[in-house]
Amino acid sequence: MSGGPPGVAVVLPGESAATSGMADAWLVDGDARAVVEEASEVIGRDVSAWCRDPLNLSDPAAAHVEVVVTGVAGYRSLISHGLRPLVVAGHGVGEYAALVAVGALGLGQVIDLVHERAELLALSPRPDAAGMAAIIGPRAGEVARTVVTQLAAGDDLVIACVDGPEQVVLSGGREQLARARDAVVAAGLAMIRLPGRAPCHGPLMRPVAAHLDVLLAGLEWSVPDVAVVPNVDARPTRDPERLAQCLREHLTRPVQWEATSRALVEAGATSVVEVGAVPVLGPLIQQVHPDLPVLPAYGPDAPLPTDQLMEPALAGPPAIRGEK
């Protein structure tokens, strides 16, 4: 752990956190509401209304836009109330939210990109032909590596996400995942298929990544205010070139979330705030750091680490949560 002063990390979840009306709790806050309104203008529809219907979240475009918008809206609300993070990370598509939140990328260009990225997923194998599945239980990483080594044999079955000591996600074809499940169950662990998910973070996404490269090349980058831990290498950085390179590799390389959990603490984080509607990343982080405080932020009234709050810069009483 860093020997410097204590700090807070903020983490932003990805598609697994998508819940109908996820952004609604933040709309009472002016800074958060402005994010939702800008995103709505970019895609030409009311984002909060679109994502309030749970049936719409079966569309990756709606789910991905919702988690990115909520992540950025929640982050900006927390910042406006005095939180000063030391480091930020997002899981999966949540990394796009993290990059906007810290100022590395602009909201408008990313919302447009995420919307088009979700449409490009149609170029990947259909969910009935390929997808993702989570291995759950002790030694999940060891079992996953063994299964992939034994069954892949040059195929496309790969480890897509190393989420924690007790959760690793595989990506591959339907038949490969079925064989993997038999091997995982034989090893005494559970394997759960993630319904409707494209086989992300593996070689089956190369056709999508090739098209996405064109869109990524047009992004305008800035030096972020806060270090970001990319999924690809789990090393905190404020270097726009490195962040851009990691984003180009994002769809075809595994999410290193267990390593990210370690990197947050090594960077000096003594607590974590998770922006979302349900706990997704906190439990994974606590698989690595059981004693690390993780505070959920589901709206502008969320309790925050008091030793990490800055006094308002302007004279007068502090802003009241939820009434800006």
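A brief structural summary. Please read all numbers here as calculations on a predicted model, not as lab measurements.

What about the overall build of the protein?
Okay, so step 1: Regarding its fold elements, the protein presents 11 helices and 9 strands.
Okay, so step 2: Relative to its length of 324 residues, the protein is compact, with a C-alpha radius of gyration of 19 Å against a globular reference of 20 Å.
Okay, so step 3: Seen through its C-alpha atoms, the protein measures out along the principal axes to roughly 65 × 45 × 35 Å.
Okay, so step 4: Counting every position in the protein, which comprises 324 residues, the buried fraction comes to 53%.
Okay, so step 5: Within the protein, contacts between residues separated by at least 24 positions form 74% of all contacts whose residues are at least 6 apart in sequence.
Okay, so step 6: Carbon and sulfur atoms make up 54% of the accessible area of the protein, which totals about 13,500 Å².
Okay, so step 7: Counting 23 positive and 38 negative side-chain charges, the protein places the centres of these two groups 5 Å from one another.

Things to note about the pattern of salt bridges
Okay, so step 1: Summed over the entire model, instances satisfying the criterion amount to 8 salt bridges.
Okay, so step 2: A salt bridge links D128 to R126; the shortest N-O distance between them is 2.8 Å.
Okay, so step 3: Overall, D128 belongs to the partly exposed group, its relative accessible area being 43%.
Okay, so step 4: The exposure class assigned to R126 is exposed, which follows from its relative accessible area of 57%.
Okay, so step 5: The salt bridge involving D233 is made with R235; its shortest N-O contact spans 3.6 Å.

Comments concerning the pairing of strand β3 (residues 130-136)
Okay, so step 1: Across the 7 residues that make up β3, a large majority, 6, are buried.
Okay, so step 2: Where β3 lies against strand β5 (residues 167-173), 7 bridges are found, and the strand directions are antiparallel. By the bridge assignment for β5, A134 is matched with V169.
Okay, so step 3: Here β3 runs beside strand β6 (residues 190-194); their pairing, made up of 5 bridges, is antiparallel.

Concerning the nonpolar core
Okay, so step 1: Counting 88 residues, the largest nonpolar core has V68, Y96 and L264 as the members making the most contacts within it.
Okay, so step 2: A total of 10 residues in this core trace back to one element, the largest contributor, which is helix α3 (residues 60-80).
Okay, so step 3: In this structure, A133, I135, V147 and M191 belong to the second largest nonpolar core, which totals 17 residues.

Some remarks on helix α11 (residues 281-288)
Okay, so step 1: All buried positions along α11 are accounted for by L281, G282, L284, I285 and V288. Each buried residue of α11 sits inside an arc of 160° when the element is viewed along its axis, so together they form one side.
Okay, so step 2: Looking at the buried side of α11, the elements it contacts are β1 (7-12), β4 (158-164), β5, α10 (257-266), β8 (269-275) and β9 (294-297).

Things to note about the packing of α3 against helix α5 (residues 107-120)
Okay, so step 1: Axis separation between α3 and α5 bottoms out at 8 Å; the angle between their running directions is 155°. Our classification of the angle between α3 and α5 gives roughly antiparallel. Read as a crossing pair, α3 and α5 show a hand that is right-handed. On α5, the residues touching P60, A61, H64, V65, V68, V69, V72 and R76 of α3 are L107, V110, I111, V114, H115, R117, A118 and E119.

Side note on the sheet that holds β1
Okay, so step 1: On the basis of which strands lie adjacent, the open sheet formed by 5 strands has the order β7-β2-β1-β8-β9 and parallel pairing. Both edges of this open sheet fall to β7 (227-228) and β9, since each of them pairs with a single strand only.
Okay, so step 2: The pairing of β1 with β8 spans 5 bridges and is classified as parallel. Bridge pairing links V10 to V273 in β8.
Okay, so step 3: Contacting β1, β2 (87-90) and β8, α10 runs over the sheet at an angle of about 170° to β2.
Okay, so step 4: With respect to the sheet, α11 is in contact with β1, β8 and β9, its orientation differing from that of β8 by roughly 155°.

A short note on the sheet that holds β6
Okay, so step 1: Taken together, the 4 strands give an open sheet; going across it, the order is β4-β5-β3-β6, and neighbouring strands pair in antiparallel fashion. The sheet is open, and its two borders are formed by β4 and β6, each paired with just one other strand. With direction set aside, neighbouring strand axes in the sheet form an average angle of 25°.
Okay, so step 2: Sheet contacts for helix α7 (residues 174-186): β3, β5 and β6; angle to β5, the most-contacted strand, approximately 145°.

Each value, and the rule that gives it
- Residues numbered from 1 in each chain as written.
- Predicted model: local features only at pLDDT ≥ 70, side-chain atom pairs only at ≥ 80, totals over all residues.
- Heavy atoms only, no water.
- Helix = DSSP H or I, 4+ residues; strand = E, 2+ residues; numbered from the N terminus.
- Rg over C-alpha atoms; globule rule 2.2 N^0.38 Å.
- Buried < 20%, exposed > 50% of the residue type's maximum accessible area, 1.4 Å probe, protein only.
- Contact = heavy atoms within 4.5 Å.
- Areas by Shrake-Rupley, 256 points an atom, 1.4 Å probe, with all protein chains shown as cover.
- Lys, Arg positive; Asp, Glu negative; His and termini not counted.
- Charge placed at Lys NZ, Arg CZ, Asp CG, Glu CD.
- Salt bridge = Lys/Arg side-chain N within 4 Å of Asp/Glu carboxyl O.
- Pairing = 2+ DSSP bridges.
- Core = buried A, V, L, I, M, F, W, Y, C linked by side-chain atoms within 4.5 Å.
- Arc of directions from axis to C-beta.
- Axes fitted to C-alpha atoms, helices over the stretch in contact; angles between N-to-C directions.
- Parallel < 35°, antiparallel > 145°, perpendicular 65-115°, else oblique.
- Left-handed = near helix turned anticlockwise from the far one by under 90°.

As far as function goes, none of this settles anything; it's purely spatial.
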